[in-house]
Amino acid sequence: MSSVSIFIEKNFKLADVDDRLFSSFIEHLGRAVYTGIYEPGHKDADEQGFRKDVIKLVQELGVSLVRYPGGNFLSGYKWTDGIGPKELRPKRLDLAWKTIESNQFGIDEFYDWSKKAGTGIMGAVNMGTGTPKEAGELVEYCNFPGGTAWSDLRKKNGHEQPYGIKTWCIGNEMDGPWQICHLDAVDYGKKARETAKIMKWVDDSLELVACGSATSLLPTFPEWDRIVLEHTYDHIDYLSLHRYYENLGNDDDFLASFVEMDSFIHSVTATADYVKALKRSKKTINLSFDEWNVWYQQKQQPHGWEEVPALLEDRYSLLDALVFGGLGITLLNNSDRVKIACLAQLVNVIAPIFTMKGGSVIRQTIFWPFKHLSMYGRGSVLKTLIKSPTIETCYGDTPALATAVVHQEEKQELTVFCLNIDKKQNHQLKLELHDFADMTMTEHIVLSGSDLHAINTFEKPDNVAPRNLEVVKGEKGVFNVNIDKLSWNVLRFKY
């Protein structure tokens, strides 16, 4: 067992964490909405058809914002199809996912659901088949107090008060050739700029997110980001980035996915800062990592035109949860620029929450690291000095231990998140906390196990779940904590 030292100083603050870093995503895709958050007739559904058992787990996760309604679905979506009397709403072909959309759930229902779930909303406007004018009309419907056609229609549809949705995505993955009405960077940049102008004319308090790269793997990255920002810089507030990770056959490489995510963030940050310098601007564009997760994209199966098919229902293992934890650590360690992050998605579709139609609901393995990050990752991220042994991966020499440290000064608490990706050995983590007076370790949560491929099922919903280890006593501000091989750890302290 090797010893790894980490030096933590109270005044070495990287950034205050934006609560929106713990956000998620609901798209009209598969069973995310229908039989996910919305299932009229279910024994646990309320009077509006919202599954209360799902809402309870969303609240347990502490999700800050939920991005809605997409996703690839967004680029062909006519939002007016989802408002008004349900019996008059049209069924449409969803070209993005080759399904049939009933439109029984729309922005009004989603607003009501968000209030019950205790989340905010990150809205999104259609930049595929949609127009800048239609984007402005959606903002008017949602946010304008009254006295206009669209705001009065919202009132007629049962919502007297405006929704106050302040964060909006201008389209989705418009750099992707798979996108409905895909645009090149110049055309999207021009369209997004004019859309942003109209949206802010309707509500000047909005914060807008322009489409950055859908993945670092596209040949247009990072040139896309540069061109889009050169067109939109003065009108938007954030640039988005998306990235999913899957096991391509080498567990070590998969466990080291956090290294690639960190590199991706730094590249986008550098691109945004280049455009800032080019424009001699005083404004800094921050990042919205509004889609991230583990996703086994190679396992997608073709299907015919169906209504509410079971799509992208990845069943997550312990290994996936460990990788997920490393990605969460990377987001914390880049919280000086990444202000919004959306786990994609929330229910059923590549999600931490999984339902049975007409039946029960379970927490998938990735539920646990997200919950820990959301509960204990709100505060100030501290810069740390750590020298860790390395493992050879496709990213080169990779630290065996990934860590992030969050200080919650008002609560006088400190949390150390630690992932050990070493398959062979435990490591002793020596925490140097001399800067904190009378520090006591209060909790050591660990997620680990002998079977990396273990999953949670409806029959065994707690097959993979965290457990608490005995806390250690410190001496003169030094704590020596054993970190098991292949484990996710949450170390909590109070002073």
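Further up the page is the structure itself.
Residues numbered from 1 in each chain as written. Predicted model: local features only at pLDDT ≥ 70, side-chain atom pairs only at ≥ 80, totals over all residues. Heavy atoms only, no water.

**Student:** Provide a residue-level description of the overall build of the protein, including the pertinent values.
**Tutor:** Along the protein, the regular secondary structure elements total ten helices and 23 strands. In terms of C-alpha radius of gyration, the protein reaches 23 Å, essentially the compact-globule figure of 23 Å for 495 residues. Considered along the principal axes of its C-alpha atoms, the protein spans approximately 70 × 60 × 45 Å. Sorting the 495 residues of the protein into buried and exposed places 60% on the buried side. For the protein, long-range pairs separated by at least 24 residues make up 78% of all intrachain contacts whose partners lie at least 6 apart in sequence. Counting only carbon and sulfur atoms, one obtains 50% of the accessible surface of the protein, whose full area is about 19,400 Å². (Helix = DSSP H or I, 4+ residues; strand = E, 2+ residues; numbered from the N terminus. Rg over C-alpha atoms; globule rule 2.2 N^0.38 Å. Buried < 20%, exposed > 50% of the residue type's maximum accessible area, 1.4 Å probe, protein only. Contact = heavy atoms within 4.5 Å. Areas by Shrake-Rupley, 256 points an atom, 1.4 Å probe, with all protein chains shown as cover.)

**Student:** Explain the sheet that holds strand β19 (residues 427–432) to me, using residue names and the numbers behind them.
**Tutor:** Strand order in the open sheet made by the nine strands is β21-β20-β23-β18-β17-β14-β1-β19-β22, with mixed pairing throughout. Of all the strands in the sheet, just β21 (467–469) and β22 (478–483) have a single pairing partner and so form its edges. Taken over all neighbouring pairs, the strand axes of this sheet differ in orientation by 30° on average, direction set aside. With eight bridges joining them, strand β17 (residues 401–408) and strand β18 (residues 413–420) adopt antiparallel strand pairing. (Pairing = 2+ DSSP bridges. Axes fitted to C-alpha atoms, helices over the stretch in contact; angles between N-to-C directions.)

**Student:** Go over the pairing of β17, please, and point to the residues and values.
**Tutor:** With respect to burial, β17 is a largely interior element, eight of its eight residues being buried. Residue alternation in β17 divides its side chains into two sets, Leu401, Thr403, Val405 and His407 and Ala402, Ala404, Val406 and Gln408, and both sets are buried. Alignment of strand β14 (residues 380–386) against β17, held across three bridges, turns out to be antiparallel. The residue of β17 that forms the bridge with leucine 382 is valine 405. Where β17 hands over to β18, the hairpin turn is made up of four residues, of which glutamine 412 adopts a positive phi near 55°.

**Student:** Report on a nonpolar patch on the surface, specifying residues and quantitative values.
**Tutor:** A cluster of nonpolar side chains, Leu93, Leu95 and Trp305, forms an exposed patch at the surface whose accessible area comes to about 340 Å². Position of leucine 93 relative to the elements: it lies in strand β4 (residues 92–94). (Patch = residues over 30% accessible without salt bridge, like charges linked within 9 Å, V, L, I, M, F, W, Y side chains within 5 Å. Salt bridge = Lys/Arg side-chain N within 4 Å of Asp/Glu carboxyl O.)

**Student:** Describe in detail the packing of aromatic side chains, supporting the description with residues and values.
**Tutor:** Two aromatic rings are characterised by how far apart their centres lie and by the angle between their planes. Enumeration according to the criterion identifies 23 aromatic pairs in this entry. Pairing tyrosine 188 with tryptophan 224 gives two aromatic rings, centres 5.6 Å apart and planes at 20°, and the pair type is stacked. Residue tyrosine 188 is located in helix α5 (residues 185–202), and its partner tryptophan 224 is located in helix α6 (residues 223–232); the two are separated by 36 residues in the primary sequence. Across the pair, tryptophan 224 and tyrosine 188 agree in class, each one buried. (Phe/Tyr/Trp six-rings, centres within 6.5 Å; stacked < 30°, edge-to-face > 60°.)

**Student:** An account of the state of the cysteines is needed here, citing residue identities and associated values.
**Tutor:** Inspection of every chain in the model, using the stated rule, returns zero disulfides. Free cysteine cysteine 211: the closest other cysteine sulfur is in cysteine 169, separated by 7.3 Å. (Disulfide = S-S within 2.5 Å.)

**Student:** Describe unusual backbone geometry, listing the residues and the values that go with them.
**Tutor:** Negative phi characterises most residues that are not glycine, and trans characterises most peptide bonds. In this chain, phenylalanine 221 is followed by proline 222 through a cis amide linkage whose omega measures 0°. You can see proline 222 is positioned in the loop between β8 (207–210) and α6. Here the bond from alanine 344 into glutamine 345 is cis, since omega is 0°, no more than 30 degrees from zero. When you line up the elements, glutamine 345 lands in the loop between β11 (338–344) and β12 (353–355).

Functional significance is not addressed by these values, which are geometric in nature.
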